[in-house]
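So you can see what is in the structure, the chains are spelled out below.
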Amino acid sequence: MTLTNKQRQYLKGLAHSLKPVVLLGQHGLTEGVLAEIDLALNFHELIKVKVAAEDREVKTLVMDAIVRETGAVKVQSIGHILTLYRASEEKKISLPRA
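Model, not experiment: these values are computed from the prediction.

Chemist: Any details on the overall build of the protein chain? Residues and values, ideally.
Modeler: Across its full length, the protein chain holds 3 helices and 4 strands. Relative to a compact globule of 98 residues, whose C-alpha radius of gyration would be 13 Å, the protein chain shows 13 Å and is just as compact. Seen through its principal axes, the protein chain has C-alpha atoms that stretch 40 × 25 × 25 Å. Here the analysis covers contacts within the protein chain between residues at least 6 apart in sequence; of these, 69% occur between residues at least 24 apart. Carbon and sulfur atoms make up 52% of the accessible area of the protein chain, which amounts to about 6400 Å² in all. The averaged location of the 11 negative side-chain charges in the protein chain is 11 Å from the averaged location of its 14 positive side-chain charges.

Encoded structure:
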């Protein structure tokens, strides 16, 4: 799924007031963390994930792995915060038309 610029801007606006739902700790990206992100995406559709990695390259690799493994769309990443969107069965968020 790809988002248009209009849809991405809309999701950024919705995500502005959100707090990170999942926090990656010292153990990094594990199966349990991926399962928790998947569960949160199914429930909320739009979430923030905090990736606490010191090295910028490691942080980028972890964020890319999260996007790839969950099948979500990366809305934005600012600092250590990654914003993800994935439509669920119930369609809680209605995106602007493409």
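Now that the structure has been shown, the text picks up again.
Chemist: Would you mind going over the nonpolar core in detail, with residue names and values included?
Modeler: The biggest cluster of nonpolar side chains holds 17 residues, and the ones touching the most others in it are Leu 24, Ile 37, Ile 47, Val 49, Val 51, Ile 66 and Leu 84. Every element with two or more residues in this core is listed here: strand S1 (22–24), helix H2 (31–44), strand S2 (46–51), helix H3 (56–70) and strand S4 (81–85). Of all hydrophobic cores here, the second largest spans 8 residues; its members include Leu 3, Ala 15, Val 73 and Val 75.

Criteria and thresholds
- Residues numbered from 1 in each chain as written.
- Predicted model: local features only at pLDDT ≥ 70, side-chain atom pairs only at ≥ 80, totals over all residues.
- Heavy atoms only, no water.
- Helix = DSSP H or I, 4+ residues; strand = E, 2+ residues; numbered from the N terminus.
- Rg over C-alpha atoms; globule rule 2.2 N^0.38 Å.
- Contact = heavy atoms within 4.5 Å.
- Areas by Shrake-Rupley, 256 points an atom, 1.4 Å probe, with all protein chains shown as cover.
- Lys, Arg positive; Asp, Glu negative; His and termini not counted.
- Charge placed at Lys NZ, Arg CZ, Asp CG, Glu CD.
- Core = buried A, V, L, I, M, F, W, Y, C linked by side-chain atoms within 4.5 Å.
- Buried < 20%, exposed > 50% of the residue type's maximum accessible area, 1.4 Å probe, protein only.

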